[in-house]
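# An overview of the molecular structure
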Amino acid sequence: MTRPDESRAARPRSRLPALLLTAAVVVAAAGLTLLPRLHVTQLDPTAAGTNLASRISAADVQHGHEVYLRDCAYCHGNQGEGSQWAPSLKHSGVAYVDFMLRTGRMPLSSVDASVTEGPPSYKEATIDALDAYVGTLTDGPVKPAVEPGDPYDGRLLFLSNCAPCHSSSGTGMIVTNGAWAPELFGSSPQTVGDAIRVGPQAMPPFTDKQLTADQVDGIATYVQQLGAKQAIGGDPIDQFGPIIEGMVAWLIPIPVLVIAIRLMGKRAK
């Protein structure tokens, strides 16, 4: 008759708990690689609007005046006074005009056309020229000079000020009364800065007392980390927000760990 310890020594030990534990660690590590990663992007200061005032010349204003009379004056009036077709620009501000032009919302193809987002109708130089001319007509929010900022600080500011409407991953969502906060993928730094200062549609405007210029720079820089489009299908989950990321953490690594612990506990008994 063998002793209990000899019988236990002769019995082959199962490797299943160790394999499950190893699998859980591997899956957890893989899940962490899918979480959002910040990369400091070097934005082009000239494209972002740095030193805007110093780049405005009399030639820009003249060119903007010519384009305005050709494409804008019919609805907004020769001096931006507005008409039955469009509102006055006297207090709109250059930031508002710049935002509407960069997002393709203006100019409209006809007075009956709806205002929708799309590719801009003008090149960068023409938009700057229109901004320069409208700046002689309006006293509203100025066009922010968006520069490269700190994406880490920008992320925290984005989560506290922008995510409640645009979602933490920038996918956008319906906020209230059918109003839609659009997705932010592909939004340029200047467009982000304009929107923050203007508050288009249902979005509230943020003054420099609420968000400083440096903070706007950080948010605009962070938005660039979201990518040019939403990840779909087999792409990483980092653009789908914390709910999907939490589901991955709860439904895969944790159950495997629980099973491994229970099996190891049974073996110990």
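Numbers given for residues are sequential positions, taken from 1 along each chain in its written order. Side-chain atom pairs in this predicted model are given and counted only at pLDDT of 80 or more, local residue features only at pLDDT of at least 70, and totals for whole chains, interfaces and linings cover all residues. The basis for the side-chain values is all heavy atoms of the structure; hydrogens and waters are excluded.

When you go through the chain residue by residue, the secondary structure sums to 14 helices and two strands. Buried residues are those whose accessible area, probed at 1.4 Å on protein chains only, stays under 20% of the maximum for their type, while exposed residues exceed 50% and partly exposed ones sit between those limits. The proportion of buried residues among the 269 residues of the chain is 35%. The contact criterion used throughout is that any non-hydrogen atoms of two residues lie within 4.5 Å. Of the contacts formed within the chain by residues at least 6 apart in sequence, a portion of 63% connects residues at least 24 apart. By element, 61% of the accessible surface of the chain is carried by carbon and sulfur atoms, the whole surface being about 16,200 Å². The way it works is that DSSP assigns letters per residue, a run of H or I at least four long becomes a helix, a run of E at least two long becomes a strand, and they are numbered from the N terminus. Here the Shrake-Rupley method, with its probe set to 1.4 Å, supplies the accessible areas, and only the displayed protein chains count as covering residues.

Looking now at the environment of Asp139. Mapping Asp139 onto the fold places it in the loop between helix 8 (124–134) and helix 9 (151–161). When the C-alpha atoms of Asp139 and His91 are compared, they prove to be 5.3 Å apart, with 48 residues separating the residues in sequence. Among all residues touching Asp139, those that are not within four sequence positions of it are Lys90 and His91. What qualifies as a polar contact is a pair of N or O atoms within 3.5 Å, subject to a donor-acceptor requirement within protein and to the restriction that residues adjacent in sequence count only when both atoms come from side chains. Only 2.8 Å separates the side chain of Asp139 from the side chain of His91, close enough to count as a polar contact.

Judged by nonpolar contacts, the single largest core of 17 residues is most densely connected at Phe158, Val192, Ile196, Leu211, Ile219, Val223 and Leu226. When residues in this core are grouped by element, the largest group, five residues, is from helix 12 (residues 213–224). Discounting chain neighbours no more than four positions away, the residues touching Ile219 are Gly154, Leu157, Phe158, Cys162, Val192, Ile196 and Leu211. Here, the term nonpolar core denotes a set of buried Ala, Val, Leu, Ile, Met, Phe, Trp, Tyr and Cys residues that are joined through side-chain atoms within 4.5 Å. Counting residues in each nonpolar core, the second largest holds 13 residues, with Val67, Tyr68, Cys72 and Val97 among its members.

Moving on, we get to the confidence of the model for the chain. Confidence scores here are pLDDT values: one per residue, from the predictor, ranging 0 to 100. When pLDDT is averaged along the chain, the result is 80; 72% of the residues meet or exceed 70. Taken as a whole, residues 1–11 scores under 50 in pLDDT and shows one contact with residues more than four places along the chain or in a different chain. Confidence drops under pLDDT 50 across residues 32–51; counting only partners more than four residues distant or on other chains, this segment forms 37 contacts.

Before going further, it helps to spend a moment on a nonpolar patch on the surface. Every patch collects residues that have over 30% relative accessible area and no salt bridge, joining them within 9 Å if they carry like charges and within 5 Å if they are nonpolar side chains (Val, Leu, Ile, Met, Phe, Trp, Tyr). A side-chain nitrogen of Lys or Arg and a carboxyl oxygen of Asp or Glu constitute a salt bridge if their distance falls within 4 Å. Among the surface-exposed residues, Met247, Trp250, Leu251, Ile252, Ile254 and Val258 lie close enough to one another that they form a single nonpolar patch of about 610 Å² accessible area. Those elements that provide at least two residues to the nonpolar patch are helix 13 (242–251) and helix 14 (253–268). Ranked by residues supplied to the nonpolar patch, first place goes to helix 13 with three residues.

Let's shift gears to the layout of surface pockets. Considering only enclosed or pocket space, the largest pocket measures out at about 800 Å³ in volume. Where the lining of the largest pocket is concerned, the elements lending two or more residues are helix 3 (45–48), helix 7 (94–102), helix 8, helix 9, helix 10 (163–166), strand 2 (180–181), helix 11 (189–198) and helix 12. Top contributing element to the lining of the largest pocket by residue count: helix 11, with six residues. The nonpolar class holds Ala, Val, Leu, Ile, Met, Phe, Trp, Tyr, Cys and Pro. Asp, Glu, Lys and Arg form the charged class, and all remaining residues, Gly among them, are polar. Residue composition of the lining of the largest pocket, by class: 27 nonpolar, 10 polar and five charged. With a 1 Å grid laid over protein atoms only, a set of points is called a cavity when a 1.4 Å probe fits there but cannot get out and a pocket when it is open yet has protein on both sides within 12 Å along at least five of seven lines; lining residues have an atom within 4 Å of a point. Contributing to the lining of the second largest pocket are 22 residues, with Cys72, Cys75, His76, Met106 and Pro107 lying nearest its centre. For the lining of the second largest pocket, the secondary structure elements donating two or more residues are helix 5 (58–71), helix 6 (73–76), helix 7 and helix 8. Grid points are joined across faces, edges and corners, and a volume is the space filled by probe spheres set on the points.

Every buried residue of helix 9 is listed here: Pro151, Gly154, Leu157 and Phe158. All buried residues of helix 9 fall inside an arc of 115° around its axis, so they share one side. In helix 9, the exposed positions that point more than 90 degrees away from the buried face belong to Leu156 and Ser160. Along its buried surface, helix 9 packs onto helix 10 and helix 12. Two or three places before Tyr152, at the start of helix 9, stands the capping residue Asp150, its side-chain oxygen 2.9 Å from that residue's backbone nitrogen. Directions are taken from the helix axis to each C-beta atom, and the arc is the one they span.

Two rings from Phe, Tyr or Trp (for Trp, the six-membered ring) form a pair when their centres sit within 6.5 Å of each other. Planes less than 30 degrees apart are called stacked, planes more than 60 degrees apart edge-to-face, and all others tilted. Scanning the entire structure with this criterion turns up two aromatic pairs. Residues Tyr68 and Tyr133 carry aromatic rings whose centres are separated by 5.3 Å and whose planes lie at 50° to one another, so their mutual orientation is tilted. Of the two residues, Tyr68 is situated in helix 5 and Tyr133 in helix 8; the sequence distance between them amounts to 65 residues. Of the two residues, Tyr68 and Tyr133, both sit in the buried class.

Okay, helix 5 next. Because the α-helix completes a turn every 3.6 residues, residues three or four places apart line up on one side. Here the expected length of a helix is defined as 1.5 Å per residue gap, with one fewer gap than residues. With 14 residues, helix 5 extends 20 Å from end C-alpha to end C-alpha; this agrees with the ideal 20 Å at 1.5 Å per step. Residues Gly64, Val67 and Tyr68 constitute the buried set of helix 5. Within helix 5, the buried residues cover an arc of 105° as seen down the axis, which keeps them to one side. For helix 5, the exposed residues lying more than 90 degrees away from the buried face are Ala58, Ala59 and Arg70. Against the buried residues of helix 5 lie helix 6 and helix 8.

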